[in-house]
Protein chains: 2
Amino acid sequence: MVRRSGRRPGNQDTRSSILDAARSAFAEKGYDKASIRAIAAEAGVDPALVHHYFGTKDKLFLASMNAPIDPGTLIPQALRGPREEAGERLVRLVLSVWDSPAGTTALGMFRSALSNEWTARLLREFVITQVLRKAVAELALDPVEAPARAALVATQIAGLMVARYVLKLEPLPSAAPEALVAAIGPNVQRFLTEPLPAKLSAADGG
Amino acid sequence: MVRRSGRRPGNQDTRSSILDAARSAFAEKGYDKASIRAIAAEAGVDPALVHHYFGTKDKLFLASMNAPIDPGTLIPQALRGPREEAGERLVRLVLSVWDSPAGTTALGMFRSALSNEWTARLLREFVITQVLRKAVAELALDPVEAPARAALVATQIAGLMVARYVLKLEPLPSAAPEALVAAIGPNVQRFLTEPLPAKLSAADGG
DNA sequence: GTCTATAACTCGATAGAC
DNA sequence: GTCTATCGAGTTATAGAC
């Protein structure tokens, strides 16, 4: 192991336990209700240290959201394959990500977007740039229809999130992922590939 | 007109303008972020008056949610009729309620449920007692399957709410209601009447 | 019935000692 | 690098004058 000279970086344990605490707090409470004081308490450090490491609460949120999920590769993977099963694969991907430990990050992003303006904007842009464009390319969607299809898919996916993870409407929270894939996948599939009502694919909204 | 003796009741104008302001504030911000001060300011009254009329913030929320919507009659109306079109009628009902002035109330309830534990519970119980049971009766659903069907329908409806009214993901906010009915109705229909994956209708969630 | 004043808390952020 | 102490701005809710 090479001993580097110069100043040692900040204690990595402290920094990463703050990040862990932040992720779970944001996931559980959303951006607004997650307090820096509570995050610091859970991490076992002083609240001032949080500011020392991350500056403002905004930056802490961004830092805690950045690490673990890379939709840039996950989404194309899920969409690749037989066109008729893309819907099921998408639902399966969503559930596997959200049920994994890394899913607390995504849950934090989502919960925050539901109650906070700037995080909502963040999510909107994320959906558009990271998901929509990938889907257009991968599935060769008609560019005129793509936004409407993406938004419709988003209604079903977001609704699944809300009902299963936020409202906890039984039997969704305790259902096996594959059962949900079988139940919901075909609806997503329909939004992806079935013909759309003409009025929806029009550029304007009347 | 009969002149009653004794003390005059509180100024009804003041009371109802507080209620109006509360409804729109709760709809716009959700329970937590809607402040009594802001509600009082919008109603043009003193914050202390809000407490005088309604007691706590909880009670003000309940009072502002109670008046305008009676799902006990709306839901059965929407479900009655040809079974194959129940999904479309349900989506149409939801959109017509939420786009109407009275819809701000429902929007408040919904936004609040997304970020606050006790209002989420309120909504859950509302869905179960006011919507689910009516649907079971009206559509003659198998009681074993009914909770799963209701929850699945809820994913699509809640997702529509979230994407159209909260995240405002274009082109949903500016789309004509009938276009959304045509696009989404069939998916709701599928949840209502198509066969379910066996695992979902089981009582447990193992 | 209405409003002023304030109690009793939360929060994010900062300054400065060590 | 860490912590104490504190500022300033929020919040709900209440007590009491008029």
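Residues numbered from 1 in each chain as written. Chains lettered and ligands numbered in written order. Predicted model: local features only at pLDDT ≥ 70, side-chain atom pairs only at ≥ 80, totals over all residues. Heavy atoms only, no water.

1. A look at the overall build of chain A
Using the following cut-off: Helix numbers and strand numbers start at the N terminus; a helix is a DSSP run of H or I with at least 4 residues, a strand a run of E with at least 2. The cut-offs for exposure are 20% and 50% of the maximum accessible area for each residue type, with area from a 1.4 Å probe on protein chains only; residues under the lower value are buried, those over the upper are exposed, and the others partly exposed. Working rule for contacts: check all heavy atoms of both residues, and any pair within 4.5 Å makes them a contact. The Shrake-Rupley method, run with a 1.4 Å probe sphere, supplies the accessible areas, and residue values consider only the shown protein chains as cover.
A tally of regular secondary structure across chain A gives 11 helices and zero strands. Of the regular secondary structure in chain A, the N- to C-terminal order runs α-α-α-α-α-α-α-α-α-α-α. Along the longest, intermediate and shortest principal axes, the C-alpha atoms of chain A span 60 × 40 × 40 Å. In chain A, buried positions account for 49% of the 206 residues. Counted over contacts in chain A with a minimum sequence separation of 6, partners at least 24 positions apart contribute 72%. For chain A, the computed accessible surface area is about 10200 Å², with 55% contributed by carbon and sulfur atoms.

2. Re the environment of A:Leu196
Residue and element names in this part refer to chain A. Along the chain, Leu-196 falls in the loop between α10 (177–193) and α11 (198–201). Classification of Leu-196 by relative accessible area gives buried; the value is 15%. Considered as a pair, Leu-196 and Lys-134 are 62 residues apart in the sequence and their alpha carbons are 20 Å apart. Residues within four places of Leu-196 in sequence aside, it is in contact with Glu-145, Ala-148, Arg-149, Leu-152 and Ser-201.

3. A word on the domain arrangement of chain A
All names here are of chain A. Heads up, the rule is: The split into domains, and so the bounds of each, comes from an automatic or database assignment of domains. Buried area: the accessible area, evaluated with a 1.4 Å probe, that two parts lose upon being put together, summed over both parts. Between Lys or Arg on one side and Asp or Glu on the other, a salt bridge is scored when a side-chain nitrogen of the former is within 4 Å of a carboxyl oxygen of the latter. In protein, a polar contact requires one atom able to donate a hydrogen and another able to accept it; more generally it is a pair of N or O atoms within 3.5 Å, and residues adjacent in sequence count only if both atoms are side-chain atoms. All residues other than Ala, Val, Leu, Ile, Met, Phe, Trp, Tyr, Cys, Pro, Asp, Glu, Lys and Arg, Gly among them, are scored as polar; the first ten of these are nonpolar and the last four charged.
Taken as a whole, chain A is organised into domain 1 (12–65) and domain 2 (71–202). Put simply, the middle of domain 1 and the middle of domain 2, counted by C-alpha atoms, are 28 Å apart. With 12 residues of domain 1 at the contact, the number on the domain 2 side is 12 residues. Carbon and sulfur atoms supply 64% of the area that domain 1 and domain 2 bury against each other, a total of about 980 Å² over both sides. The largest per-residue losses of area from domain 1 upon contact with domain 2 belong to Ala-27, Phe-61 and Met-65, which jointly make up 42% of the total buried on that side. The interface formed by domain 1 and domain 2 holds zero salt bridges in total. Counting every contact that joins domain 1 to domain 2 gives three residue pairs in polar contact (both at pLDDT 80 or more). For the side of domain 1 that touches domain 2, the element with the highest residue contribution is helix α1 (residues 12–33), accounting for seven residues. Considered class by class, the residues forming the side of domain 1 that touches domain 2 number six nonpolar, two polar and four charged.

4. Quick word on the relation of the copies chain B and chain A
We count it as follows: Least-squares fitting of one copy onto the other uses the C-alpha atoms of those residues that reach a pLDDT of at least 70 in both copies.
Under the fitted operation, chain B is carried onto chain A by 0.0 Å of movement along the axis and a turn of 180°, and the coordinates agree to an RMSD of 0.1 Å. These values place the two chain copies in the arrangement generated by a two-fold rotation axis. The C-alpha atom lying nearest the rotation axis in chain B is that of B:Gly159; the distance is 1.7 Å. Taken as a fraction of all interface residues of chain B, those also at the interface in chain A reach 100%, which identifies the copy contact as same-surface.

5. Notes on the confidence of the model for chain A
Residues and elements named next belong to chain A. Worth spelling out the cut-off: pLDDT is a residue-level measure of predictor confidence that goes from 0 to 100.
Looking at chain A, the pLDDT average stands at 88 and 90% of residues meet or exceed 70. Confidence, read as mean pLDDT per element, is least for helix α5 (residues 71–79) in chain A (80) and greatest for α10 (97). Considering only residues more than four positions removed or in separate chains, one finds that residues 1–8, a stretch of pLDDT under 50, has zero contacts.

6. Quick word on the interface of chain B and chain A
Counting residues at the interface gives 46 residues for chain B and 46 residues for chain A. The contact between chain B and chain A buries some 3700 Å² in all, and 68% of this surface belongs to carbon and sulfur atoms. Counting every contact that joins chain B to chain A gives two salt bridges. Summed over the shared surface of chain B and chain A, the result is 12 residue pairs in polar contact (both at pLDDT 80 or more). Elements represented by at least two residues in the side of chain B that touches chain A include exactly α1 (12–33), α7 (103–115), α8 (117–139), α9 (146–166), α10 (177–193) and α11 (198–201) of chain B.

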